[in-house]
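# Summary of structural features
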Amino acid sequence: MKDLKIRKENFIGYIPKSNKEYQTFIQIILYYADSVCFTIKPFLDNIDEFNKSIWSELNDSVVDYGFVRAASNPKSDKSHLVFLKKDYYVYHFFKGKKGIFDFQEEDSNLGITLEDPAFIKNEEVFCYTVTHEKICIVIEDIYKLLGTVK
């Protein structure tokens, strides 16, 4: 598995301030994305752990997983990421949330969390989040589009 590539464009911080803004944001982002990846903390021993976790509703969407550099911290050590195809399950997962960080609970049986979703188009990240900072980072074109939709 190769490291995530970040688009070579200007990125701008964006924070959806309400559920309505989040719903518009996620609809635009998912319309544009080919796939999504999450950082799993601390890591998975095998994919069956993810399939048995509180996020098992996404297990049919898993395309790949492994240790690679995360979009939210590309200069850091490698993180454990799980890659998901954009499909009904991923769309339903995000649309059912109140905000982009509304999935952070820890799986009480496995002790793992999902963090820092990154959205990918043509094998390049165009939007990523930094969970601990509660901010989304989007390419300028998407940011402008978000500002025009009310």
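Residues numbered from 1 in each chain as written. Predicted model: local features only at pLDDT ≥ 70, side-chain atom pairs only at ≥ 80, totals over all residues. Heavy atoms only, no water.

### Side note on the environment of Asp60
Heads up, the condition is: Runs of H or I in DSSP of at least four residues are treated as helices and runs of E of at least two as strands, each being numbered from the N terminus. Any pair of residues with heavy atoms lying within 4.5 Å of one another is described as a contacting pair.
The residue Asp60 is located in the loop between α2 (47-51) and β4 (62-68) in this model. Sequence spacing of Asp60 and Val90 is 30 residues, and the spatial spacing of their C-alpha atoms is 9.5 Å. Once residues lying within four places of it in the same chain are set aside, the contact partners of Asp60 are Lys85, Asp87 and Tyr89.

### Focus on the confidence of the model for the protein chain
We count it as follows: What pLDDT expresses is the predictor's confidence in each residue, scored from 0 to 100.
When the pLDDT values of the protein chain are averaged, the result is 87; 91% of them are 70 or greater. Mean pLDDT per element in the protein chain: strand β1 (residues 5-6) is the minimum at 76, and helix α3 (residues 88-95) is the maximum at 94.

### Comments concerning the pairing of strand β7 (residues 124-130)
The line we're drawing: Accessibility here uses a 1.4 Å probe with only protein chains present; expressed as a share of the type maximum, an area under 20% marks a residue as buried, one over 50% as exposed, and anything in between as partly exposed. Two strands form a pair only when DSSP identifies at least two bridges running between them.
Where burial is concerned, most of β7 is hidden: six out of the seven residues are buried. Sheet analysis places strand β6 (residues 113-121) next to β7, joined by four bridges and oriented antiparallel. Paired with Lys121 across the bridge in β7 is Glu124. Linking two consecutive strands that pair antiparallel, namely β6 and β7, is a turn of two residues; a positive phi of about 50° is found at Asn122 within it. Where β7 meets strand β8 (residues 135-139), four bridges bridge the pair, whose relative direction is antiparallel. Along β8, the bridge assignment pairs Tyr128 with Ile137. Where β7 folds back on β8, the antiparallel hairpin that results is connected by four residues, among which Lys134 adopts a positive phi of roughly 55°.

### Some details on the packing of aromatic side chains
Under the convention used in this document: Any two of the Phe, Tyr and Trp rings considered here, Trp counted by its six-membered ring, make a pair once their centres fall within 6.5 Å; the pair's planes then place it as stacked at under 30 degrees, edge-to-face at over 60, or tilted in between.
Taken as a whole and assessed by the stated rule, the structure comprises ten aromatic pairs. Aromatic side chains Tyr88 and Tyr89 sit 5.6 Å apart centroid to centroid with 75° between the ring planes, which places their arrangement in the edge-to-face category. We classify Tyr88 as exposed; its relative accessible area is 56%. Between Phe93 and Phe94 the ring centres are 5.3 Å apart and the planes differ by 80°, which places this aromatic pair in the edge-to-face class. An aromatic cluster of at least three residues, connected via ring pairs, comprises Phe38, Phe93, Phe94 and Phe119.

### Looking at the side chain of Asp116
Put simply, the rule is: Contacts described as polar in this section are N or O atom pairs within 3.5 Å, which, within protein, must combine one atom able to donate a hydrogen with one able to accept it, while residues neighboring in sequence count only if both atoms come from side chains.
Mapped onto the secondary structure, Asp116 falls in strand β6. A polar contact is formed between the side chain of Asp116 and the backbone nitrogen of Thr131, at a distance of 2.7 Å.

### Examining the environment of Lys134
Along the chain, Lys134 falls in the loop between β7 and β8. As a C-alpha pair, Lys134 and Ile100 span 34 residues in sequence and 8.6 Å in three-dimensional space. Excluding anything up to four places from it in sequence, Lys134 contacts Ile15, Phe101 and Gln104.

### What about the packing of helix α1 (residues 19-32) against helix α4 (residues 140-148)?
In plain terms, the rule: Fitting a line to C-alpha atoms yields each axis, with helices limited to the stretch in contact; the angle taken between N-to-C directions then spans 0 to 180 degrees. For classification, angles of less than 35 degrees are called roughly parallel, those exceeding 145 degrees roughly antiparallel, those between 65 and 115 degrees roughly perpendicular, and all remaining angles oblique. Rotating anticlockwise by less than a right angle from the far helix to the near helix defines a left-handed crossing, while the corresponding clockwise rotation defines a right-handed one.
Between α1 and α4, the least distance of the axes is 10 Å, while the angle of their chain directions is 140°. For the element pair α1 / α4, the angle class is oblique. Relative to α4, α1 is oriented so that their crossing is right-handed. In this structure, α1 contributes Phe25, Ile28, Ile29 and Tyr32 to the contact, and α4 contributes Ile142, Leu145 and Leu146.

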